[in-house]
Amino acid sequence: MDFTVALAQIKPKLGCLDDNMALVEAAIEKGIAAGADLIVFPELALTGYFLKDLVPEVALRLDAPQIEKLKTLSKRISIAIGFVEVSSDFRFFNSALYLEEGEIRHVHRKVYLPTYGLFDEQRYMARGERLRAFDTRFGRVGMLICEDMWHLSAPYVLAMDGAMTLLCLSSSPGRGVSGTEGLGSAAAWQKLTSTTAMFLNCRVFYCNRVGYEDGINFWGGSEAISPSGEVTDRGAILEEDLVIAKVDGGALRRERIFSPIMRDENLAITVKELKRIDREKEY
Amino acid sequence: MGALSVNTALLRQILVGFVRDEVCKVGLKKGVLGLSGGIDSALVAYIAAEALGPENVYAYCMPYRTSNPESEAHARLVAESLGINFKVIEITGMVDAYFDLYPEASNMRRGNKMARERMTILYDHSAEVAGLVLGTSNKTELLLGYGTLHGDMASALNPIGDIYKSQVWELSEAMGVPHEVIEKKPSADLWAGQTDEQELGFTYRDADELLYRMVDQRMSREELIAAGFDAQFIDNVHRKVQGSHFKRRLPIIAKVSNRTIDRDFRYARDWGK
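As annotated in an unreviewed UniProt entry, chain B carries the name NH(3)-dependent NAD(+) synthetase and is attributed to Citrifermentans bremense. Of chain B, the UniProt comment under Catalytic activity (unreviewed entry) reads exactly: "deamido-NAD(+) + NH4(+) + ATP = AMP + diphosphate + NAD(+) + H(+)".

Chain A appears in an unreviewed UniProt entry as Glutamine amidotransferase chain of NAD synthetase from Citrifermentans bremense.

J.: Hey, could you go over the sheet that holds strand 13 (residues 231-234) of chain A for me, with residue numbers and the actual values?
T.: All names here are of chain A. With respect to topology, 6 strands assemble into an open sheet ordered 6-7-8-9-12-13, the strand pairing being mixed. Two strands bound the open sheet, and with one partner strand each, they are strand 6 (134-136) and strand 13. Here the average twist between neighbouring strands, direction ignored, is 25°. Of the pairings in the sheet, the one linking strand 9 (residues 203-208) to strand 12 (residues 223-225) comprises 3 bridges and is antiparallel in character. Along strand 12, the bridge assignment pairs Phe205 with Ala224.

J.: Could you give an account of the sheet that holds strand 3 (residues 85-88) of chain B, with specific residues and numbers?
T.: All names here are of chain B. A sheet is described by the order of its strands in space; here 4 strands give the open sequence 3-2-1-4, paired in parallel fashion. Looking along the sheet, the strands with just one partner apiece sit at the ends: strand 3 and strand 4 (131-133). Each adjacent strand pair in this sheet contributes to an overall mean axis angle of 25°, direction not counted. Judged from the 3 bridges that link them, strand 1 (residues 30-34) and strand 4 form a sheet pairing that is parallel. Note that in strand 4 the partner of Val32 across the bridge is Val133. Across the sheet, helix 3 (residues 69-82) is in contact with strand 2 (57-61) and strand 3; its angle to strand 3 comes to roughly 165°.

J.: Describe the UniProt feature "binding site: Mg(2+)" (unreviewed entry) in chain B, and please don't skip the residues or the numbers.
T.: Residue and element names in this part refer to chain B. UniProt annotation of "binding site: Mg(2+)" (unreviewed entry) refers to Asp40 and Glu141 when read in the numbering used here. What stands out for the annotated residues spanning 102 residues is how close their C-alpha atoms remain, the widest pair being 10.5 Å apart. Along the chain, the position of Asp40 falls in helix 2 (residues 39-52). Looking at Asp40, the relative accessible area reads 9%, which means it is buried. The contact partners of Asp40, leaving out residues within four places of it in the chain, are Thr136, Asn138, Glu141, Ile160, Lys165 and Val168. For Glu141, a relative accessible area of 11% puts it in the buried group. Not counting residues up to four positions away in its chain, the partners in contact with Glu141 are Asp40, Thr136, Tyr146 and Tyr204.

J.: So what's going on with the interface of chain A and chain B? Residues and values would help.
T.: Listed by partner, the interface residues are 26 residues for chain A and 24 residues for chain B. Summing the contributions of chain A and of chain B, the shared interface buries around 2,000 Å²; its carbon and sulfur component is 55%. Of all residues in chain A, Asp53, Val177 and Tyr212 of chain A bury the most surface against chain B, accounting for 31% of the area lost on that side. In this structure, the salt-bridge partner of Asp53 of chain A is Arg259 of chain B, at a minimum N-O distance of 2.4 Å. Scanning the region where chain A abuts chain B turns up 12 residue pairs in polar contact (both at pLDDT 80 or more). Of all the secondary structure elements, the ones that give two or more residues to the side of chain A that touches chain B are helix 4 (121-124) and strand 10 (210-213) of chain A. The residue makeup of the side of chain A that touches chain B, split by class, is 10 nonpolar, 5 polar and 11 charged.

J.: So what about the UniProt feature "binding site: ATP" (unreviewed entry) in chain B? Which residues, and what values?
T.: Residues and elements named next belong to chain B. Mapped onto this structure's residue numbering, the UniProt feature "binding site: ATP" (unreviewed entry) falls at Gly34, Leu35, Ser36, Gly37, Gly38, Ile39, Asp40, Ser41, Thr136, Lys165 and Ser187. Judged by its relative accessible area of 2%, Leu35 is buried. If sequence neighbours within four positions are ignored, Leu35 has contacts with Ser41, Ala42, Ala45, Ala59, Tyr60, Cys61, Ala75, Val78, Ala79, Ile84 and Phe86.

J.: Run through the pairing of strand 11 (residues 216-219) of chain A, naming residues and quoting values.
T.: Residues and elements named next belong to chain A. Here 4 bridges tie strand 10 to strand 11, and the two strands are oriented antiparallel to one another. By the bridge assignment, Val210 is partnered in strand 11 with Trp219. Connecting strand 10 to the next strand, strand 11, in antiparallel fashion are 2 residues, including Asp214 with a positive phi near 50°.

J.: With reference to specific residues and values, describe the environment of Lys87 of chain B.
T.: With respect to the helices, strands and loops of the structure, Lys87 of chain B is situated in strand 3. Residues in contact with Lys87 of chain B, not counting those within four places in the same chain, are Ala59, Tyr60, Cys61 and His125 of chain B.

J.: Talk me through unusual backbone geometry; I want residue IDs and the actual numbers.
T.: You will see that Phe90 of chain A, though not glycine, has its phi angle at about 60°, which is positive. Positionally, Phe90 of chain A belongs in the loop between strand 3 (78-86) and strand 4 (92-100). Residue class for Phe90 of chain A comes out exposed when judged on its relative accessible area of 64%. The residue Arg218 of chain B is not glycine, and still its phi comes out positive at about 55°.

What counts and how
- Residues numbered from 1 in each chain as written.
- Chains lettered and ligands numbered in written order.
- Predicted model: local features only at pLDDT ≥ 70, side-chain atom pairs only at ≥ 80, totals over all residues.
- Heavy atoms only, no water.
- UniProt positions renumbered as here; feature names shortened; annotations may be inferred.
- Pairing = 2+ DSSP bridges.
- Helix = DSSP H or I, 4+ residues; strand = E, 2+ residues; numbered from the N terminus.
- Axes fitted to C-alpha atoms, helices over the stretch in contact; angles between N-to-C directions.
- Contact = heavy atoms within 4.5 Å.
- Buried < 20%, exposed > 50% of the residue type's maximum accessible area, 1.4 Å probe, protein only.
- Buried area = accessible area lost by both parts, 1.4 Å probe.
- Salt bridge = Lys/Arg side-chain N within 4 Å of Asp/Glu carboxyl O.
- Polar contact = N/O pair within 3.5 Å; in protein donor to acceptor, adjacent residues only side chain to side chain.
- Nonpolar A, V, L, I, M, F, W, Y, C, P; charged D, E, K, R; others polar.

Quick look at the structure:
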């Protein structure tokens, strides 16, 4: 089916749930007005990124009023959004929610928490342990949060689980201003999103935030990528934006006829060899 | 070489956005800075004027009686070409009043006092005009510790602290800083004829090439030597970086409680903004 996706490149305020809910609602209204069927927000859209000790203070249970509100809104538009989730045993997760038709369809907890360089996630958050695709009105979808995408196995597993659309929610800091072209981190991401789409014959929707936190900039540049790896729409760099991407449903079918890489993927060999490697590995 | 060359259009966009975002975020719209007549403060003035509008930038030139008159002339030139607010506040009276008590004080003590005197003036004026003090120390100076703690190293925001002196030159060209300012020899103007490079014992260009590889690329001493850097130069620069590290950190607090500021009481400075 053809559908329209909005990528909401917002600028959350650090630790301010109410202000960020207002930003989210405003973007949703704009998305609906632009005819979008699905709106994707960045990683930690409700909270901001460099939370540190704020993590427990801004964490939400899945029955929180804010999430109830998003559920109601999802009757009008499907929503993918990042927030801090607290579990009943008080673990805190960097999570992404997928809401549709008034219900939570899926919760993805970030598996790969970067804790190096300028990142400090694992100090404050617990690691997700699952990668699962799920069904939506746009077909089967998989969600990834930022660093998850940098581990080849993560989008691979989702694609093998049947995902034909990958949503990547991101808070990627801009780094590496050099002589040649754009930002180092933007150039790397652009290669990554496009290659992932091409390898897995999947659509990729990448939503990255903007703004500054303690001098660190988030570069935006959200993208819609077709299953052939071609970027069809791209958001502004370093500025707020709402990218509206019209998805040609037939393009995925045609790509999978033209390039049946996923059809030919041999899960049995992969599993067999991974098991062997795991067995032989010295932990 | 040439690894230090930057995409100036992109760098400009990030730094201008940074100043605008960080000033507005605290509910203000003005920036305050010391304009020495040198390139670093000139570049910050250019960035601030673009970010906040020239009418919201307040520049202060704070000469001492022995300062080179050319410095004030260059500061004025920058202020006039941008159309920012400009005021000259001479520090001779306050500095001399203090050193009348300590006539034997060394050049270093005098220079440090002047730098701190200027910073108290900037903070006072930041309260007067309701603005934030913009820092003007570049990455080379910060890494070498070539600055005065609580003096010129102090600020509320520093847009150029992550770019090397060579990149300051490149960005200044791109942003239209007057050539007189770009082309003169860097000097803290502490005494007649003083230049930074003479005092440091090496050029900023050489230091930048080394620091970029040492700090940003994390090349080992062996790799730096293999890349053609002199071992003594490497050790000299390394010693300066290590020896000045205290200047780049907050004061340390003796830890006795369960949650001590900055050890395990950790929030971003932009908390709630």
